[in-house]
Amino acid sequence: VASLQGKNFMNIDELTDVELRDLLSLSAQLKKAYSSPSPPVLPRPCEGKSVSMIFQKRSTRTRVSTETGMALLGGHALFLGPQDVQLGVNESMRDTANVLSRFNSLILARVFAHTDVQLLAKHSSVPVINALSDLYHPLQALADLLTLEEHFGKGSLQGKVLTWVGDGNNVLHDLAMGAARLGMHVRVACPVGYEPNGEIMHRVEWHAQRSGGSYVMERDPMTAVAGAHVIVTDTWVSMGQEEEYERRMRDFEGFQVTRRMMEHGAKGSNAGRPACVFLHCLPRHPEEVTDEVFYDPARSLVFPEAENRMWTVMAVMLSLVGGGGRGCEVGES
Ligand code: CP
Ligand code: NVA
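So, how was this worked out
- Residues numbered from 1 in each chain as written.
- Chains lettered and ligands numbered in written order.
- Predicted model: local features only at pLDDT ≥ 70, side-chain atom pairs only at ≥ 80, totals over all residues.
- Heavy atoms only, no water.
- pLDDT = per-residue confidence, 0-100.
- Contact = heavy atoms within 4.5 Å.
- Salt bridge = Lys/Arg side-chain N within 4 Å of Asp/Glu carboxyl O.
- Buried < 20%, exposed > 50% of the residue type's maximum accessible area, 1.4 Å probe, protein only.
- Helix = DSSP H or I, 4+ residues; strand = E, 2+ residues; numbered from the N terminus.
- Near = heavy atom within 4 Å.
- Polar contact = N/O pair within 3.5 Å; in protein donor to acceptor, adjacent residues only side chain to side chain.
- Areas by Shrake-Rupley, 256 points an atom, 1.4 Å probe, with all protein chains shown as cover.
- Pairing = 2+ DSSP bridges.
- Axes fitted to C-alpha atoms, helices over the stretch in contact; angles between N-to-C directions.

## Some words on the confidence of the model for the protein chain
Averaged over all residues, the pLDDT of the protein chain is 94; the fraction at 70 or higher stands at 95%. A low-confidence stretch, residues 325–329 stays under pLDDT 50, and its non-local contacts, those more than four residues away or across chains, total 5 contacts.

## Remarks on the pattern of salt bridges
Inspection of every chain in the model, using the stated rule, returns 17 salt bridges. As a salt-bridge pair, glutamate 47 and arginine 44 come within 3.5 Å of each other at their nearest N and O atoms. A residue is classified by how much of its surface remains accessible, and glutamate 47, at 51% relative accessible area, is exposed. Taking the relative accessible area as the measure of exposure, arginine 44 reaches 44% and is therefore partly exposed. Arginine 219 is the salt-bridge partner of glutamate 195, the closest N and O atoms lying 2.5 Å from each other. Here glutamate 195, found in the loop between strand 6 (185–189) and helix 7 (198–211), pairs with arginine 219, found in the loop between strand 7 (214–218) and helix 8 (221–225); they are 24 residues apart in sequence, far enough to count as distant. With relative accessibility at 32%, the residue glutamate 195 sits in the partly exposed group. Overall, arginine 219 belongs to the partly exposed group, its relative accessible area being 38%. Salt bridges linked by common partners bring Asp167, Glu244, Arg247, Arg248 and Asp251 together as one network.

## Quick word on the site of ligand 2
Within the structure, ligand 2 sits among Leu132, Asn169, Asn170, Val171, Asp234, Ser238, Met239 and Leu282. Between serine 238 and ligand 2, the recorded distance is 2.7 Å, taken from a side-chain N or O atom to a nitrogen atom. Protein burial of ligand 2: of its 270 Å² of free accessible surface, 95% is covered by the chains.

## Details of the sheet that holds strand 7
Here 5 strands make up an open sheet; going across it, the order is 7-6-5-8-11 and the pairing parallel. Strands with a single pairing partner mark the edges of an open sheet, and in this sheet they are strand 7 and strand 11 (277–280). The average undirected angle you get between the axes of adjacent strands in this sheet is 20°. Packed onto the sheet, helix 6 (residues 170–181) meets strand 5 (161–165), strand 6 and strand 8 (230–233) and runs at close to 170° relative to strand 5. Where helix 7 meets the sheet, it contacts strand 6 and strand 7, and its direction lies at approximately 140° from that of strand 7.

Have a look at this one:
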């Protein structure tokens, strides 16, 4: 298993193919080992380690999964909300990174501008994890890919179609990058003016060409979901865009994921599992997906997807502190 020791975890693009696959395997391994009904004495490979979690925005999943995951690994996590630390009010990224590096083994940060998490990484002497910026959400992409591998089978995402319907945002960027790297055909349907970042999508195309996948942009959601194995969306109003709410509600008309859309996806089932499934990173609002789709017990994977945030962030933390490869094996290797 490749260790990420000495690196940062900023986006899916910066990983090697081997690192991406290893993180998914380690996540599955951790899930198996730590959720066993009668666990033996669980290993505590992060004993004595700590992670500072800087949150400039709200969070349920990222905060709780990291805090709980670090505790399971035997380490300690500290929540630093916007009101709790000097950062941004009275202290620079540079000074904060310098100071936290002297206390902690890892720094995790959820920021507005991606340049802020890059600044932290530049001045930190310990690994930095991007826990969502305006451009990327790599922890979410890992959880999504793990969820899809659980559903379709490990190593079987090659050639499957993943369609994103909605806003061309941070969550899409890393998910598209990861999906393309695993050989998936990525389609994006978004309204005019809400396209994903062009430079990032060039990287997605590059990865797709290498892996046998593809990337296309469609305007009509129904065309984009035809035959899709995965249909995925996110909020139309990301954190920090609240004042655009009214305009976005108008502009995204017709982009709500509905049962009709799901029925346009891949038909039938494989080994009793639906051929077309739904993903959403949460938090969810009714405008982007109907209750019928979101709570569909067979096709919606949203809650396993949320759970997988913990197994994947554990794999990331363990790999960054040098575990998962050297002396920190968990379960079978
Ligand atoms: N999906 C996700 O990152 O959720 P939180 O904002 O609750 O962390
Ligand atoms: N796109 C959303 C994701 C939240 C997890 C946001 O940036 O607010």
